[in-house]
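Structure at a glance
Each chain, written out:
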Amino acid sequence: MAEDVARDAARAYPHPSSAGRSANMRANRRTDTKPELALRKALHGLGYRYRKDYRLDLAGGVRVRPDIVFTARKVAVFVDGCFWHCCPDHGSQPAANTWYWEPKLRRNVDRDRAADDALGQAGWTVVRFWEHESIDVAVARVVDVLAERAGRPAPPDGRAGSRP
Ligand SMILES: [Zn+2]
């Protein structure tokens, strides 16, 4: 049966290339992948407090678990893996097993856009980074967005008050 074939294929988990293999390894550590961790750590160091692994149940049955959530200011931050979320620079489709990878990766991207829409409709600001982006750039963008949402430029507890 087709279903059995699909299940077996999923179990076999074909490796498309060395890039795919390392992406698999990254995926096995779904939470706390390195760029995510570095971003959290940097924001925490600036005095920001956030939730991680915080599930948001949105309209239309859309469930989203952003990497970093600022509940009061309704800011949701995602750090997207280049392979899994089809980064334009590093997200090339595996040449082997396209029957497996193509729909899988397309579903990921579709899910991302659906999450963005549902979050936007619920009044959330979505901030997405690629895992290849520099942490400094990511931190600066999150700080900007938070300041915008809070209507004030300074970090929340003034610990980083010496920043311009
Ligand atoms: Zn990338």
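This section reports on the structure supplied with the text. Predicted, not measured: the structure shown is a model, and the values here were computed from it. (Residues numbered from 1 in each chain as written. Predicted model: local features only at pLDDT ≥ 70, side-chain atom pairs only at ≥ 80, totals over all residues.)

**So, the sheet that holds strand β4 (residues 75-80)**
Threshold: Any two strands with at least two DSSP bridges between them are considered paired. The secondary structure listing takes helices from DSSP runs of H or I that are at least 4 residues long and strands from runs of E that are at least 2 residues long, numbered from the N terminus. Here the axes come from fitting lines to C-alpha atoms, over the contacting stretch only for helices, and the angles between their N-to-C directions go from 0 to 180 degrees.
Overall, mixed pairing links the 3 strands, which are arranged β3-β4-β5 in an open sheet. In this open sheet, the two strands that pair with only one neighbour each are β3 (68-70) and β5 (125-130). Strand-to-strand, the axes of this sheet are offset by a mean angle of 15 degrees, without reference to chain direction. Of the pairings in the sheet, the one linking β3 to β4 comprises 3 bridges and is antiparallel in character. By the bridge assignment for β4, Val 69 is matched with Ala 76.

**Overview of unusual backbone geometry**
In plain terms, the rule: Any residue surrounded by 20 or more other C-beta atoms within 10 Å of its C-beta is treated as buried, while 12 or fewer makes it exposed and the intermediate range makes it partly exposed; C-beta atoms here are placed from the backbone.
In the Ramachandran plot, Asp 53 falls in the positive-phi region, its phi being about 50 degrees despite a non-glycine side chain. Examined against the element boundaries, Asp 53 turns out to sit in the loop between α3 (34-45) and β1 (56-57). Its identity as a non-glycine residue notwithstanding, Asn 97 has a phi of 55 degrees, on the positive side. With respect to the helices and strands, the residue Asn 97 is situated in the loop between β4 and α4 (98-121). The partly exposed category is assigned to Asn 97, around which 17 C-beta atoms lie within 10 Å.

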